[in-house]
Amino acid sequence: MSTIPRTHFTTDGISPKDRFDVFRDSMSVIFDVELEKTRDPQPFKAEVEAYMLDQLMIARTSSIKASYIRNPLTIRRDGIDMIMVQLYIKGEEDFRHENQSSHVKTGDLVVYDLNKEVVNSTSDFTNLSVVFPRELIESYIPAVSRWHSRVLPRDRPLTKLLKAHILSLYEIAPAITTESCAGIQRALLELTSSALQHSSDILPAYKNSVTSSLLLEIKKWINSHLADPSLSADSIGLAFSLSRAQLYRVTEPLGGIMNHIREQRLKKTYSDLRDPALIHLTVSDVLYRWGFNDPNTFTRSFKKRFSMLPKDVKNLPHAQLSENSSNHSNSSGDGYDDWLRSLSL
């Protein structure tokens, strides 16, 4: 039986003057990284070891004092739309989002919605991160984005259980087989959703649980109808017996219903253009396959979203779609940055 894929990034072996630049480029898939100008003149160092667990990724990251930023430009650029739960093994961070701030200490669990802005400033640190595709974890806890920037109460039994589970999962990761992934993923999802739900008292008052559940159902319905060129606000409203005003109110968190549909279709076309099994399909085949009906509009939207033309994505060898440095060692052919991109598609 085969074990789950592993990848390892390290700045060891890189010239000291280039280490930070290499790490920053690698990490740019999820954060813009900045060093403090007044930091100690110690050589920069960083290490990321990650495992793919079915549809999840668990990663251990170590580095020195720095700031990790997701701003509107970063969010638009990378399209990463996931939830991350992070356990601090060593060090601490100050987490800032809008008017809210949190201080994360060693042993704390903090939640990120990677579709929201954040600035966090760390000390020298080591942490474990579990990254969940949004749709996957929302099927367990629809309002998960409300926990963004929240530190789970460390004295709660379910918080302690989740921390112990994440630590154990990382320790046994080298021996986990692909055949056992589905069950292990399910157990982690169930424990994570339970720990979050049992800390809901730390959240501000919220009266829209029905709306949250409805939004999840609408997103599922959209995903199952992406190939239909007639998919529209009107067809969704008809399917859910909602007026246009009601639909727009429910789907406001998506940033616009038609923008959401276009984004999901673009992700599908990008995935198909990368897929060796679909190499026989032309760009036109792919765009019509996912509900686009105007090649020019599709090409402009695709280039704006991915900074590449569809034909260029299709013609690139798979390896060239990666931005890995030579200091990724792995058994899967990709680095953690590629895995994060793939989880978003």
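Let me begin by describing the structure that accompanies this report.

Turning our eyes to something else, we now look at the side chain of glutamine 264. Following the sequence through the fold, glutamine 264 ends up in helix α9 (residues 257-274). Given the relative accessible area of 13%, glutamine 264 is considered buried. With residues near it in sequence (within four places) discarded, glutamine 264 still touches Glu135, Asn223 and Leu226.

Here we take up α9. Between its terminal C-alpha atoms α9 stretches 26 Å, which fits the 26 Å expected from 18 residues at 1.5 Å a residue. Along α9, the residues that are buried comprise Ile257, His260, Ile261, Gln264, Arg265, Leu266, Lys267, Thr269, Tyr270, Asp272, Leu273 and Arg274.

What follows concerns the pairing of strand β11 (residues 125-133). By the criterion of burial, β11 is predominantly enclosed, with nine of the nine residues buried. Side chains of β11 alternate between two faces, with Phe125, Asn127, Ser129, Val131 and Pro133 and Thr126, Leu128, Val130 and Phe132 buried alike. Where strand β4 (residues 56-63) lies against β11, seven bridges are found, and the strand directions are antiparallel. If you follow arginine 60 over to β11, its bridge partner there is leucine 128. The pairing of strand β6 (residues 82-90) with β11 spans eight bridges and is classified as antiparallel. Residue pairing across strands places methionine 84 opposite valine 131, the latter belonging to β11.

Below, the discussion takes up the sheet that holds strand β10 (residues 118-122). The antiparallel open sheet is built from five strands, whose spatial order is β2-β5-β10-β7-β8. Sheet topology places β2 (32-34) and β8 (100-104) at the edges, where each strand pairs with a single neighbour. Here the average twist between neighbouring strands, direction ignored, is 15°. Two strands pair when backbone bridges link them, and strand β7 (residues 93-97) and β8 are joined in this way by five bridges, in the antiparallel orientation. Paired with phenylalanine 95 across the bridge in β8 is serine 102. On top of the sheet, helix α1 (residues 19-27) reaches β2 and β5 (66-70); it is set at about 150° to β2, its chief contact.

Take glutamine 86: it is sitting in strand β6. Separated by 3.3 Å, the side chains of glutamine 86 and tyrosine 112 make a polar contact. Every residue in contact with glutamine 86, bar those within four places of it in the chain, is listed here: Glu93, Asp108, Leu109, Val110, Tyr112, Asn127, Leu128 and Ser129.

The next thing to look at is the pairing of β10. In terms of burial, β10 is largely enclosed, as four of its five residues are buried. Relative to β10, β5 runs antiparallel, the two being bridged by five bridges. Within β10, the position partnered with serine 67 by the bridge is serine 121. As judged from the four bridges shared by β7 and β10, these two strands associate in the antiparallel manner. Residue arginine 96 lies in a different strand from β10, and its bridge partner there is valine 119.

This brings us to the pattern of salt bridges. Applying the stated criterion across every chain, the model contains 13 salt bridges. Residue glutamate 49 is joined to arginine 6 by a salt bridge in which the shortest nitrogen-to-oxygen separation is 2.8 Å. Note that glutamate 49 is positioned in strand β3 (residues 46-53) and arginine 6 in strand β1 (residues 6-10), a separation of 43 residues in sequence. The class for glutamate 49 is buried, based on a relative accessible area of 16%. On the accessibility criterion, arginine 6 (29% relative accessible area) is partly exposed. Note that arginine 134 and aspartate 81 form a salt bridge whose closest N and O atoms lie 2.5 Å from each other. In this pair, arginine 134 is assigned in helix α3 (residues 134-138) and aspartate 81 in the loop between α2 (72-78) and β6, connecting sequence segments 53 residues apart. Classification of arginine 134 as buried rests on a relative accessible area of 8%.

Within the secondary structure layout, alanine 59 lies in strand β4. In the structure, alanine 59 is positioned 111 residues away from tyrosine 170 in sequence and 8.0 Å away in space, judged by C-alpha atoms. What alanine 59 contacts, discounting residues up to four positions off in sequence, is Val48, Glu49, Ala50, Asn127, Leu128 and Ser129.

About the thresholds
Residues numbered from 1 in each chain as written. Predicted model: local features only at pLDDT ≥ 70, side-chain atom pairs only at ≥ 80, totals over all residues. Heavy atoms only, no water. Helix = DSSP H or I, 4+ residues; strand = E, 2+ residues; numbered from the N terminus. Buried < 20%, exposed > 50% of the residue type's maximum accessible area, 1.4 Å probe, protein only. Contact = heavy atoms within 4.5 Å. Expected span 1.5 Å × (residues − 1). Pairing = 2+ DSSP bridges. Axes fitted to C-alpha atoms, helices over the stretch in contact; angles between N-to-C directions. Polar contact = N/O pair within 3.5 Å; in protein donor to acceptor, adjacent residues only side chain to side chain. Salt bridge = Lys/Arg side-chain N within 4 Å of Asp/Glu carboxyl O.

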